Amino acid sequence: MPIPGLSRVDHIGLTVPDLEQAREFFVDVLGCEYMYTLGPYQDDGTWMSEHLNVDDRAVMRKLHFFRLGGQAIFEIFEYEAPGQDTEPPRNSDVGGHHIALYVEDLDAAVADLHRRGLRVLGEPTASKGPSEGQRWVYFLSPWGLQCELVSYPNGKAFDHHPEAFR
(Lines give C-alpha, C1' and ligand atoms only; values in the text may rest on other atoms or scores of the structure.)
Protein backbone atom coordinates (compact mmCIF):
# COMPACT_ATOMS: atom_id res chain seq x y z
CA MET A 1 0.00 0.00 0.00
CA PRO A 2 1.33 3.46 -0.85
CA ILE A 3 1.52 6.29 1.64
CA PRO A 4 -2.08 7.30 2.43
CA GLY A 5 -3.15 10.44 0.56
CA LEU A 6 -0.02 10.64 -1.62
CA SER A 7 -1.10 12.31 -4.85
CA ARG A 8 1.75 14.17 -6.59
CA VAL A 9 5.26 15.60 -6.48
CA ASP A 10 5.24 18.93 -4.62
CA HIS A 11 8.80 20.16 -5.24
CA ILE A 12 12.35 19.14 -6.01
CA GLY A 13 15.13 20.38 -3.74
CA LEU A 14 18.66 20.90 -5.04
CA THR A 15 21.83 22.28 -3.46
CA VAL A 16 23.97 24.58 -5.59
CA PRO A 17 27.36 26.23 -5.05
CA ASP A 18 26.20 29.76 -5.95
CA LEU A 19 22.59 30.79 -5.46
CA GLU A 20 22.76 33.85 -7.73
CA GLN A 21 24.28 31.80 -10.56
CA ALA A 22 21.48 29.28 -10.04
CA ARG A 23 18.88 32.04 -10.09
CA GLU A 24 20.18 33.23 -13.46
CA PHE A 25 20.07 29.66 -14.81
CA PHE A 26 16.59 28.83 -13.52
CA VAL A 27 15.09 32.17 -14.62
CA ASP A 28 17.04 33.09 -17.77
CA VAL A 29 17.72 29.64 -19.25
CA LEU A 30 14.84 27.48 -18.00
CA GLY A 31 12.26 30.28 -17.86
CA CYS A 32 11.23 29.66 -14.27
CA GLU A 33 9.31 32.20 -12.25
CA TYR A 34 11.24 33.33 -9.15
CA MET A 35 8.85 33.04 -6.20
CA TYR A 36 10.60 33.92 -2.92
CA THR A 37 13.67 33.51 -0.70
CA LEU A 38 14.06 32.09 2.82
CA GLY A 39 17.00 31.85 5.20
CA PRO A 40 19.55 31.83 6.57
CA TYR A 41 19.06 28.80 8.80
CA GLN A 42 21.43 27.30 11.35
CA ASP A 43 21.13 25.78 14.81
CA ASP A 44 23.46 25.37 17.79
CA GLY A 45 22.02 21.96 18.68
CA THR A 46 21.22 18.86 16.65
CA TRP A 47 18.23 20.17 14.71
CA MET A 48 20.10 20.26 11.37
CA SER A 49 21.15 16.60 11.52
CA GLU A 50 17.85 15.39 12.97
CA HIS A 51 15.63 17.20 10.46
CA LEU A 52 17.75 17.71 7.34
CA ASN A 53 20.42 14.96 7.50
CA VAL A 54 23.27 17.51 7.31
CA ASP A 55 26.15 18.28 9.67
CA ASP A 56 24.93 20.09 12.79
CA ARG A 57 27.34 22.93 11.98
CA ALA A 58 25.87 23.38 8.50
CA VAL A 59 24.52 26.78 7.58
CA MET A 60 21.83 27.08 4.95
CA ARG A 61 22.76 30.53 3.66
CA LYS A 62 19.58 31.07 1.65
CA LEU A 63 17.14 29.17 -0.45
CA HIS A 64 15.12 30.33 -3.44
CA PHE A 65 11.88 28.91 -4.74
CA PHE A 66 11.14 28.83 -8.48
CA ARG A 67 8.11 27.66 -10.45
CA LEU A 68 8.27 26.22 -13.98
CA GLY A 69 5.27 26.21 -16.28
CA GLY A 70 2.87 27.00 -13.45
CA GLN A 71 3.53 23.59 -11.88
CA ALA A 72 6.95 22.27 -10.95
CA ILE A 73 8.56 23.88 -7.93
CA PHE A 74 12.33 23.94 -7.47
CA GLU A 75 13.66 24.64 -3.96
CA ILE A 76 17.28 25.69 -4.45
CA PHE A 77 19.66 25.74 -1.44
CA GLU A 78 23.06 27.23 -0.84
CA TYR A 79 24.77 25.50 2.12
CA GLU A 80 28.06 25.92 3.89
CA ALA A 81 28.98 22.77 5.82
CA PRO A 82 32.02 20.91 7.15
CA GLY A 83 33.03 18.07 4.82
CA GLN A 84 30.73 19.31 2.08
CA ASP A 85 31.22 17.52 -1.25
CA THR A 86 31.28 20.18 -3.96
CA GLU A 87 31.30 17.83 -6.96
CA PRO A 88 27.86 17.00 -8.41
CA PRO A 89 27.18 13.24 -8.56
CA ARG A 90 27.21 11.48 -11.91
CA ASN A 91 24.09 9.60 -12.95
CA SER A 92 25.89 6.36 -12.07
CA ASP A 93 26.69 7.52 -8.50
CA VAL A 94 24.39 6.67 -5.62
CA GLY A 95 22.20 9.74 -5.33
CA GLY A 96 22.88 10.62 -8.95
CA HIS A 97 20.03 12.40 -10.63
CA HIS A 98 18.91 14.56 -13.52
CA ILE A 99 16.02 16.87 -14.25
CA ALA A 100 14.08 16.05 -17.42
CA LEU A 101 12.33 18.97 -19.09
CA TYR A 102 9.88 18.72 -21.98
CA VAL A 103 10.34 20.92 -25.06
CA GLU A 104 8.19 21.16 -28.19
CA ASP A 105 11.13 21.59 -30.60
CA LEU A 106 14.24 19.73 -29.45
CA ASP A 107 16.47 21.00 -32.26
CA ALA A 108 15.63 24.65 -31.54
CA ALA A 109 16.20 24.08 -27.81
CA VAL A 110 19.59 22.43 -28.40
CA ALA A 111 20.64 25.29 -30.69
CA ASP A 112 19.71 27.72 -27.90
CA LEU A 113 21.81 25.79 -25.37
CA HIS A 114 24.80 25.94 -27.71
CA ARG A 115 24.22 29.69 -28.27
CA ARG A 116 24.30 30.18 -24.49
CA GLY A 117 27.59 28.28 -24.25
CA LEU A 118 26.15 25.47 -22.10
CA ARG A 119 27.68 22.02 -22.38
CA VAL A 120 25.45 19.67 -24.39
CA LEU A 121 26.34 15.97 -24.07
CA GLY A 122 26.36 14.48 -27.52
CA GLU A 123 23.66 14.80 -30.14
CA PRO A 124 19.93 14.19 -29.63
CA THR A 125 19.11 10.49 -29.35
CA ALA A 126 16.00 8.80 -30.75
CA SER A 127 14.47 6.35 -28.26
CA LYS A 128 13.33 2.83 -29.13
CA GLY A 129 10.83 0.36 -27.70
CA PRO A 130 8.04 1.83 -25.55
CA SER A 131 9.64 5.30 -25.81
CA GLU A 132 9.91 5.29 -29.62
CA GLY A 133 8.79 8.68 -30.90
CA GLN A 134 10.82 10.47 -28.24
CA ARG A 135 14.13 12.25 -28.74
CA TRP A 136 16.32 13.45 -25.89
CA VAL A 137 19.66 15.04 -25.01
CA TYR A 138 21.49 15.83 -21.77
CA PHE A 139 23.07 19.18 -20.92
CA LEU A 140 24.80 20.64 -17.88
CA SER A 141 24.07 23.78 -15.88
CA PRO A 142 27.06 26.07 -15.26
CA TRP A 143 27.83 24.19 -11.99
CA GLY A 144 27.25 20.69 -13.43
CA LEU A 145 23.60 19.90 -12.65
CA GLN A 146 22.56 17.24 -15.16
CA CYS A 147 19.49 18.21 -17.14
CA GLU A 148 17.73 16.42 -19.96
CA LEU A 149 15.55 17.84 -22.71
CA VAL A 150 12.92 15.45 -24.06
CA SER A 151 10.42 15.83 -26.87
CA TYR A 152 7.72 13.53 -28.21
CA PRO A 153 5.25 15.79 -30.03
CA ASN A 154 3.37 12.84 -31.56
CA GLY A 155 3.48 10.73 -28.40
CA LYS A 156 5.50 7.64 -27.64
CA ALA A 157 4.92 4.10 -28.88
CA PHE A 158 3.59 3.24 -25.43
CA ASP A 159 0.97 5.99 -25.74
CA HIS A 160 -0.32 4.49 -29.00
CA HIS A 161 -0.06 0.77 -28.11
CA PRO A 162 0.32 0.28 -24.33
CA GLU A 163 -0.77 -3.36 -24.52
CA ALA A 164 2.28 -4.17 -26.64
CA PHE A 165 4.65 -3.22 -23.83
CA ARG A 166 3.04 -4.70 -20.72
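Definitions and limits used
- Residues numbered from 1 in each chain as written.
- Predicted model: local features only at pLDDT ≥ 70, side-chain atom pairs only at ≥ 80, totals over all residues.
- Heavy atoms only, no water.
- Helix = DSSP H or I, 4+ residues; strand = E, 2+ residues; numbered from the N terminus.
- Buried < 20%, exposed > 50% of the residue type's maximum accessible area, 1.4 Å probe, protein only.
- UniProt positions renumbered as here; feature names shortened; annotations may be inferred.
- Pairing = 2+ DSSP bridges.
- Axes fitted to C-alpha atoms, helices over the stretch in contact; angles between N-to-C directions.
- Core = buried A, V, L, I, M, F, W, Y, C linked by side-chain atoms within 4.5 Å.
- Domains from an automatic or database assignment.
- Contact = heavy atoms within 4.5 Å.

- The name given to the protein chain in an unreviewed UniProt entry is Glyoxalase/bleomycin resistance/dioxygenase family protein, and the organism recorded there is Kibdelosporangium aridum.

**Quick look at the overall build of the protein chain**
- A count of helical and extended segments in the protein chain gives four helices and eight strands.
- Each principal axis of the C-alpha distribution contributes one length, and for the protein chain these read about 55 × 45 × 30 Å.
- Across the 166 residues in the protein chain, those meeting the buried criterion constitute 30%.

**Digging into the UniProt feature "domain: VOC" (unreviewed entry) in the protein chain**
- Taking the numbering used here, the UniProt-annotated feature "domain: VOC" (unreviewed entry) corresponds to residues 8-152.
- From the first C-alpha to the last, residues 8-152 spans 22 Å; its make-up is 19% helix and 36% strand.

**Considering the sheet that holds strand β4 (residues 72-80)**
- With mixed pairing, four strands are arranged side by side in an open sheet as β1-β4-β3-β2. The open sheet has two edge strands, β1 (12-15) and β2 (33-38), and neither has a second partner. Across the sheet, the mean angle separating the axes of adjacent strands is 25° when strand polarity is ignored.
- Note that β2 and strand β3 (residues 59-68) share five bridges and pair antiparallel. Across the sheet, residue Tyr 36 finds its bridge partner in β3, namely Phe 65.

**Here we look at the nonpolar core**
- In this structure, Phe 25, Phe 26, Phe 74, Ile 76, Phe 139 and Leu 149 are the most contacted members of the largest nonpolar core, which totals 26 residues.
- Listed by contribution, the elements that provide at least two residues to this core are α1 (19-29), β4, β5 (99-102), α3 (106-115), β7 (135-140) and β8 (146-151).
- Split by domain, the residues of this core number at least three in each of domain 1 (1-84) and domain 2 (87-165).
- Excluding residues that lie within four positions of it along the chain, Phe 26 makes contacts with Leu 14, Gly 31, Cys 32, Phe 66, Phe 74, Ile 76, Trp 143 and Leu 145.

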